[in-house]
Amino acid sequence: MKYRVSLDLAFDEEKHALNLKKEAENLLPEASNINEGKDNQEIGFIDYRECNHDDPTRTIPDKVIEHIDVGERVVVAKPVIATD
């Protein structure tokens with residue numbers, strides 16, 4: 001059995017988002033993936049993004065600034081292009 005935490009929080013100030021991301025990064029060495037290498041694997045991750053959901057036209061997609069996968073207890077940071 002494992003214990004899972006899922007969060008999706010938006011902040012008005014970037015400093016709060018960066019503080020939470022840093023705390024999560026500090027815990028990555030303790031995190032593990034589920035069923036790694038199998039068809040039903042679940043890879044843990046952290047996404048840090050600019051959220052544009054408050055745009056009244058909803059024409060600006062979110063911009064992923066950083067995506068970090070949990071992989072064999074090593075943090076792999078990858079730049080990712082915008083998603084919605």
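This structure is a prediction, so every number in the text was calculated from the model and none was measured.

What counts and how
Along each chain, residues carry numbers from 1 onward, in the same order as the chain's sequence is written. Per-residue local features of the predicted model are confined to residues with pLDDT of at least 70, and side-chain atom pairs are confined, for both listing and counting, to 80 or more; whole-chain, interface and lining totals are unaffected and use all residues. Computation of side-chain values: all heavy atoms of the structure, hydrogens and water removed. Helix and strand assignments follow DSSP, with helices taken as H or I runs no shorter than four residues and strands as E runs no shorter than two, numbered in order from the N terminus. Each residue gets one of three labels from its accessible area relative to the maximum for its type: buried under 20%, exposed over 50%, partly exposed in between, using a 1.4 Å probe on protein chains only. Should any heavy atoms of two residues lie within 4.5 Å, those residues are considered in contact. Per-residue accessibility takes into account occlusion by the displayed protein chains alone, with areas from the Shrake-Rupley method and a 1.4 Å probe. For this analysis, a salt bridge means a side-chain nitrogen from Lys or Arg found within 4 Å of a carboxyl oxygen belonging to Asp or Glu. Residue-level confidence of the predictor, termed pLDDT, takes values from 0 up to 100. Side-chain atoms alone can form a polar contact between residues adjacent in sequence; in general such a contact is a pair of N or O atoms within 3.5 Å, and within protein one must be able to donate a hydrogen while the other accepts it.

Looking only at helices and strands, one finds one helix and three strands in the chain. In the chain, the succession of α and β elements from N to C terminus is α-β-β-β. Every one of the 84 residues in the chain was classed for burial, and the buried ones make up 17%. Counting contacts in the chain only where the partners sit at least 6 residues apart, residues at least 24 apart contribute 36% of the total. By element, 52% of the accessible surface of the chain is carried by carbon and sulfur atoms, the whole surface being about 6900 Å².

For the rest of this paragraph, the subject is the pattern of salt bridges. Within the structure shown, the criterion is met by six salt bridges. We note a salt bridge from Glu-25 to Lys-21, for which the minimum N-O separation is 2.6 Å. Linking Glu-25 with Lys-21, this pair stays in helix H1 (residues 14–27), spanning four residues, or about one helical turn. Here Asp-62 makes a salt bridge to Arg-49, at a shortest N to O gap of 3.7 Å. Of this pair, Asp-62 sits in the loop between strand E1 (45–50) and strand E2 (63–71) while Arg-49 sits in strand E1, and the two are 13 residues apart along the sequence. Via salt bridges that share partners, Lys-21, Glu-25 and Glu-66 belong to a single interconnected network.

All right, on to the confidence of the model for the chain then. Here the chain averages 83 in pLDDT, while 83% of its residues score no lower than 70. The least confident element of the chain is strand E3 (residues 74–78), whose mean pLDDT is 49; the most confident is H1, at 94. In the model, residues 72–76 has pLDDT below 50 throughout and makes 13 contacts with residues more than four positions away in sequence or in other chains.

What follows deals with the side chain of Lys-21. Its relative accessible area of 13% is what places Lys-21 among the buried residues. Within the local environment of Lys-21, its side chain forms a polar contact with the side chain of Glu-66, the two groups lying 2.8 Å apart. Contacts of Lys-21, omitting those with residues within four sequence positions, involve Ile-46, Tyr-48 and Glu-66.

Tracing the chain through its elements places Thr-57 in the loop between E1 and E2. Side chain to side chain, Thr-57 and Asp-55 meet in a polar contact 2.5 Å long. Within the structure, Thr-57 has its side chain in polar contact with the side chain of Thr-59 (distance 2.8 Å).

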